[in-house]
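For reference, the chains in residue letters:
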Amino acid sequence: MPTHAPARWRSITRRTLARLALLACAAPAFAQNLDGGPLRIVVGYLPGGATDRVARIVGDKLATKLGVAVLVENKPGAGGRLAAQQAKATPANQNLLMLANPAVMVVAPLVFKDNGYDAERDFVPVSHVNDYEFGLAVSTAVPVRELSHLLAWMRANPEKANVGVPATGSLPHFFALMLGEKAKVRTEVIGYKGSAPAITDLIGGQLPMAVDTFDVLVPQHEAGKLRVLAVSGTQRSAFAPGVPTFKEAGLDLAALGWNTFFAPATMPADKAARLATAIHEVMQDPDTQRKFTDARMQPVVATQAQTAAMLKAYRAQWAPAVQKSGYQP
């Protein structure tokens, strides 16, 4: 800067430089705790899905905060269980987190005799970063516009009461079973290989209704290609405020899914705690929260202790529903 610059400018510059120096000192402190190596985030699904998007939003922010490279590694297979098997085997000296949802960490341990991992013993919860709701949608070929009308239609047409879900053994699958039980209506759940073919059949009229994550259903609902009758949250979604909750629609039913970071149990506790603190700070960043809401996902700010408590309560909620269903892979 020229020596004749106003004192006011010189003062601002000194403050800015001091702040940058503090940030530069903070990043190496985290990096030293990570042994200077990159941080890998393992995702058990293909690129482009909701869990992958979460990993990349948080990963980009963590790279800046930690001062190290953050690499998102997609390890699809076996509904996310393959990634968990690989993450479990990570040596203690490697920097790795797994971003997983309830299908991997809650449902699979209940329905598969041998997962190749123990969700509670082999992993440590680090940070709960977002929630998502489920929605019940109907084809425009089904002559109903409210949940109560749909339930009446299902009782009158039991042979047509087929509910599509993106995968057997998924959370939408068990939510569909919970829905049928609460409504005292027989439901035949049809598992698809992903959301896209289920939504295609729903829009085409080959499928009367479907349960899926709300972010998948909302764009088609807004386009008038299907009708979402209810959302599973305890309050209406900010992304579609015109859609009532199940409770508002007359059915005492509420449930959420989530994405949470886990560390292999081999990771030293102090390192996992530091990563939890870093993610907690990242999730408080307004720009991070904006990126989540732009992707129609609900950000969550949670400490490591709050994450562990959430996981314990969630397992208590879903275990009875999964076990009662009698589902066999």
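Residues numbered from 1 in each chain as written. Predicted model: local features only at pLDDT ≥ 70, side-chain atom pairs only at ≥ 80, totals over all residues. Heavy atoms only, no water.

K.L.:
What should I look at first to understand the side chain of Thr 90 in this one?
P.N.:
Structurally, Thr 90 can be placed in the loop between helix H3 (81–88) and strand E3 (96–100). Residue classification places Thr 90 among the buried positions, given a relative accessible area of 6%. When sequence neighbours within four positions are dropped, the list of residues in contact with Thr 90 reads Leu 96, Pro 264 and Thr 266. (Helix = DSSP H or I, 4+ residues; strand = E, 2+ residues; numbered from the N terminus. Buried < 20%, exposed > 50% of the residue type's maximum accessible area, 1.4 Å probe, protein only. Contact = heavy atoms within 4.5 Å.)

K.L.:
Explanation requested: the confidence of the model for the protein in the structure shown.
P.N.:
Detailed reading of the predicted model is not advised wherever pLDDT is low. Summary statistics for the protein give a mean pLDDT of 88 and a share of 90% for residues scoring 70 or more. With pLDDT under 50 throughout, residues 15–28 is counted as low confidence; its partners more than four residues away or in other chains account for three contacts. (pLDDT = per-residue confidence, 0-100.)

K.L.:
I tried to follow the pairing of strand E2 (residues 70–74) on my own but got confused; where do I start?
P.N.:
Each regular strand carries side chains that alternate between the two faces of the sheet. Pairing of strand E1 (residues 39–43) with E2, which is carried by five bridges, proceeds in the parallel orientation. Bridge pairing in E2 places Val 42 opposite Glu 73. With respect to chirality, the unit in which E1 leads through helix H2 (residues 50–66) into the neighbouring parallel E2 is right-handed. (Pairing = 2+ DSSP bridges. Right-handed = clockwise from strand over helix to strand, strands pointing away.)

K.L.:
Looking at this structure, how should I read the packing of aromatic side chains?
P.N.:
One pass over the full model with this rule turns up eight aromatic pairs. With centroids separated by 5.4 Å and ring planes inclined at 75 degrees, the aromatic side chains of Trp 258 and Tyr 314 adopt a geometry described as edge-to-face. Of this pair, Trp 258 sits in strand E9 (residues 256–264) while Tyr 314 sits in helix H11 (residues 304–325), and the two are 56 residues apart along the sequence. Comparing Trp 258 with Tyr 314 shows no difference in burial state: the two are buried. Within the aromatic cluster, the residues linked to one another by ring pairs are Tyr 132, Phe 134, Phe 175, Phe 246, Trp 258, Phe 262, Tyr 314 and Trp 318. Sitting above the plane of the Phe 112 ring, Arg 81 keeps its charged end 3.7 Å from the centroid. (Phe/Tyr/Trp six-rings, centres within 6.5 Å; stacked < 30°, edge-to-face > 60°. Lys NZ or Arg CZ within 6 Å of the ring centre and 35° of its normal.)

K.L.:
Can you walk me through the nonpolar core in this structure?
P.N.:
Met 105, Leu 150, Met 209, Phe 246 and Trp 318 are the most contacted members of the largest nonpolar core, which totals 56 residues. Ranked by residues supplied to this core, first place goes to helix H6 (residues 171–183) with seven residues. With sequence-adjacent residues up to four places away left out, Met 105 is seen in contact with Met 98, Ala 100, Ala 119, Phe 123, Trp 258, Phe 262 and Arg 315. If you look at the next biggest cluster of nonpolar residues, it comprises 29 residues, including Val 70, Val 126, Val 129 and Ala 272. (Core = buried A, V, L, I, M, F, W, Y, C linked by side-chain atoms within 4.5 Å.)

K.L.:
Help me out: how do you make sense of the packing of helix H7 (residues 195–204) against helix H8 (residues 214–222) in this one?
P.N.:
For any two helices packed against each other, the geometry comes down to the angle between their axes and how far apart the axes lie. The N-to-C vectors of H7 and H8 enclose an angle of 30 degrees; their axes lie 11 Å apart at closest approach. Relative to H8, H7 is oriented roughly parallel. Crossing geometry of H7 relative to H8 is assigned as right-handed. For the pair formed by H7 and H8, the contact residues are Ser 195, Ile 199 and Ile 203 on the first element and Val 216, Leu 217 and Gln 220 on the second. Looking at the contact of H7 with H8 residue by residue, the classes come out as four nonpolar, two polar and no charged. (Axes fitted to C-alpha atoms, helices over the stretch in contact; angles between N-to-C directions. Parallel < 35°, antiparallel > 145°, perpendicular 65-115°, else oblique. Left-handed = near helix turned anticlockwise from the far one by under 90°. Nonpolar A, V, L, I, M, F, W, Y, C, P; charged D, E, K, R; others polar.)

K.L.:
Help me understand the packing of helix H4 (residues 102–111) against H11, please; the structure alone is not making it clear to me.
P.N.:
Following both chains from N to C, one finds H4 and H11 inclined at 45 degrees, their axes separated by 10 Å at the closest point. In terms of orientation, H4 and H11 fall into the oblique class. Here H4 and H11 pass one another in a crossing that is right-handed. Every residue of H11 that contacts H4 at Pro 102, Met 105, Val 106, Val 107, Leu 110 and Val 111 is listed here: Leu 311, Tyr 314, Arg 315, Trp 318, Ala 319, Val 322 and Gln 323. Looking at side-chain class alone, the contact of H4 with H11 contains 11 nonpolar, one polar and one charged residues.

K.L.:
Where do I start with helix H9 (residues 269–284) in this structure?
P.N.:
Each α-helix winds once per 3.6 residues, and so residues spaced three or four apart point in a common direction. Relative to the 22 Å expected for 16 residues at 1.5 Å per residue, H9 spans 23 Å between its end C-alpha atoms, a close match to the ideal helical length. Of all the positions in H9, only Lys 271, Ala 272, Leu 275, Ala 276, Ala 278, Ile 279, His 280, Val 282 and Met 283 are classed as buried. (Expected span 1.5 Å × (residues − 1).)

K.L.:
Would you explain the pairing of strand E5 (residues 162–165) in this entry?
P.N.:
Here E5 pairs with strand E6 (residues 188–191) via four bridges, running parallel. Pairing of Val 165 across the sheet is with Gly 191, part of E6. Regarding the hand of the β-α-β motif, the stretch spanning E5, H6 and E6 is right-handed. Taken together, the two bridges between E5 and strand E7 (residues 209–213) define a ladder with parallel strand orientation. Paired with Val 163 across the two strands is Met 209, which belongs to E7.

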